[in-house]
Amino acid sequence: MNVLYTHEDYLGHSVPLGHPECPDRLRVIQEHLQESGIWQDFEIVQSPLVNDDVVHKTHPVLYYDRLQALTPKQGLVRIDADTGIGPGSITAVKRAAGAVVDATHRVLEGSTKTAFCLVRPPGHHAETSVAMGFCLLNSVAIAANYALEHVDRVAILDFDVHHCNGTVEIFQHREEVMVCSSFQYPYFPGRYDGQNSYGENIVNSPLSAGEGSYQFRKVVEQDWLPALTRFDPQFILVSAGFDAHVSDPLGALKFTDADYTWITRQILDLANSHCDGKVVSALEGGYNLETLGTTVENHLAELLLG
């Protein structure tokens, strides 16, 4: 049975009033999935806490300790204008990473082919020793390093509206990991400075504000799929951001509901051809509370089909 990870501790990661990365994101997704009936098609797993030693293979001990030292007993400590730590933040982020690592373990051992991690806060902006863009620990990167203890090649595919600068920074010199990212450019986080700055294992597909389905599908078909076919991944991780949707308040791309069905099918077809369908997906962005549930449902419906 396909697996879906979640935990009430994710709601304990506090943000300022009006902040887009709010606990209601997970509430509306879960309510929508339950109302649609697709929730019942998954084995619901309570996300475990990640082991600190697993985190340290991606984020240095000093960085991780600094995050914990910043944790207040009440209120919110700001790391930057967008990113903060509250009393429940470290527990939430340890469960986010724990979910993706545990899902990776389950998929690699063969107890399920796919898994989805309904987690917060997101992680793909967190660099080796830098928290930014709502992100404290890079859950997908942590899981990729865990997977590399069992396989030789891992692909990370990111279709969030924002460039996955953290994931790229962590793996840009690691030929055993291929990172493919579509994103609005120029836009936050402003770390991307042209494909020539990266090796062949990093496939960046910048899109201009206002571009939508045609341009997105074109870059996936022309940039991602040939590179991934050559790379021949043994395991695939997905940073599933839904903020490139035409309705999302944080971006200016124009993806539709159908685009999330389409990209998920491309990923699954690739996985079925190269790695026996092994895919773990984790929630990154997506901030329109009225449409977020539907876009996630479209992604999950394809994961169920495998």
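Further up the page is the structure itself.
Computed from a predicted model, the values in this text were never measured in an experiment.

Draft legend 1. Structural detail: the overall build of the protein chain. A count of helical and extended segments in the protein chain gives nine helices and 10 strands. For 306 residues, the compact-globule estimate of 2.2 N^0.38 gives 19 Å, and the protein chain sits close to it at 17 Å. Counting every position in the protein chain, which comprises 306 residues, the buried fraction comes to 58%. Long-range pairs, those at least 24 residues apart, make up 76% of the contacts in the protein chain with a sequence separation of at least 6.

Draft legend 2. Expanded view of the packing of helix H8 (residues 257–274) against helix H9 (residues 292–305). Between H8 and H9, whose axes approach to 8 Å, the crossing angle comes to 30°. By the angle between their directions, the pair H8 and H9 is classed as roughly parallel. The crossing of H8 and H9 is right-handed. On H9, the residues that touch Asp257, Ala258, Tyr260, Thr261, Thr264, Arg265 and Leu268 of H8 are Thr294, Thr295, Asn298, His299, Glu302, Leu303 and Leu305. Residues that form the contact of H8 with H9 fall into these classes: five nonpolar, six polar and three charged.

Draft legend 3. Structural context of the pairing of strand S6 (residues 154–158). By the criterion of burial, S6 is predominantly enclosed, with five of the five residues buried. Residues Val154, Ile156 and Asp158 of S6 are buried on one face, and the alternating residues Ala155 and Leu157, pointing to the opposite face, are buried as well. Of the pairings in the sheet, the one linking S6 to strand S7 (residues 177–184) comprises five bridges and is parallel in character. The residue bridging Ala155 from the neighbouring strand is Met178, located in S7. Handedness of the S6-helix H6 (residues 165–171)-S7 crossover: right-handed. Here S6 pairs with strand S9 (residues 235–240) via five bridges, running parallel.

Draft legend 4. Fine view of helix H5 (residues 139–147). Buried residues dominate H5, accounting for nine of its nine residues. Among the residues of H5, those classed as buried are Ser139, Val140, Ala141, Ile142, Ala143, Ala144, Asn145, Tyr146 and Ala147. Looking at the buried residues of H5, the elements they touch are helix H2 (52–55), helix H4 (89–109), S6, H6, S9 and strand S10 (279–283).

Draft legend 5. Here's a closer look at the pattern of salt bridges. Under the counting rule described, the total for this entry stands at 16 salt bridges. Between Asp276 and Lys113 there is a salt bridge; the shortest N-O distance is 3.3 Å. Placement of Asp276 in the loop between H8 and S10 and of Lys113 in the loop between H4 and strand S5 (114–117) is noted, with a sequence separation of 163 residues between them. Residues Arg191 and Glu127 are paired through a salt bridge, measuring 2.8 Å at the closest nitrogen-oxygen approach. Of the two residues, Arg191 is situated in the loop between S7 and strand S8 (202–207) and Glu127 in the loop between S5 and H5; the sequence distance between them amounts to 64 residues. Each of Glu21, Arg25 and Arg120 takes part in one network of salt bridges that share partners.

Draft legend 6. Expanded view of the sheet that holds S10. Read across the sheet, eight strands follow the order S2-S1-S5-S10-S9-S6-S7-S8 without closing on themselves; strand pairing throughout is parallel. Since the sheet does not close on itself, it has two edges, and those belong to strand S2 (43–46) and S8, each with one partner. If you compare each strand with its neighbour and ignore which way they point, the axes differ by 15° on average. Direction of pairing for S7 relative to S8: parallel, over a ladder of six bridges. The residue bridging Val179 from the neighbouring strand is Ile202, located in S8. Across the face of the sheet, helix H7 (residues 213–231) comes into contact with S6, S7 and S8 while running at roughly 175° to S8. Each of S5, S6, S9 and S10 is contacted by H8, which is oriented at about 170° to S9, the strand it contacts most.

Draft legend 7. Main features of H8. Its 18 residues give H8 an end-to-end C-alpha distance of 27 Å, which sits within 8% of 26 Å, the value for a rise of 1.5 Å per residue. All buried positions along H8 are accounted for by Asp259, Tyr260, Trp262, Ile263, Thr264, Arg265, Gln266, Ile267, Leu268, Leu270 and Ala271. Where H8 is buried, its residues meet S5, S6, H7, S9, S10 and H9.

What counts, and where the lines are drawn
Residues numbered from 1 in each chain as written. Predicted model: local features only at pLDDT ≥ 70, side-chain atom pairs only at ≥ 80, totals over all residues. Heavy atoms only, no water. Helix = DSSP H or I, 4+ residues; strand = E, 2+ residues; numbered from the N terminus. Rg over C-alpha atoms; globule rule 2.2 N^0.38 Å. Buried < 20%, exposed > 50% of the residue type's maximum accessible area, 1.4 Å probe, protein only. Contact = heavy atoms within 4.5 Å. Axes fitted to C-alpha atoms, helices over the stretch in contact; angles between N-to-C directions. Parallel < 35°, antiparallel > 145°, perpendicular 65-115°, else oblique. Left-handed = near helix turned anticlockwise from the far one by under 90°. Nonpolar A, V, L, I, M, F, W, Y, C, P; charged D, E, K, R; others polar. Pairing = 2+ DSSP bridges. Right-handed = clockwise from strand over helix to strand, strands pointing away. Salt bridge = Lys/Arg side-chain N within 4 Å of Asp/Glu carboxyl O. Expected span 1.5 Å × (residues − 1).

Remember that the coordinates give geometry; whether it matters functionally is a separate question.
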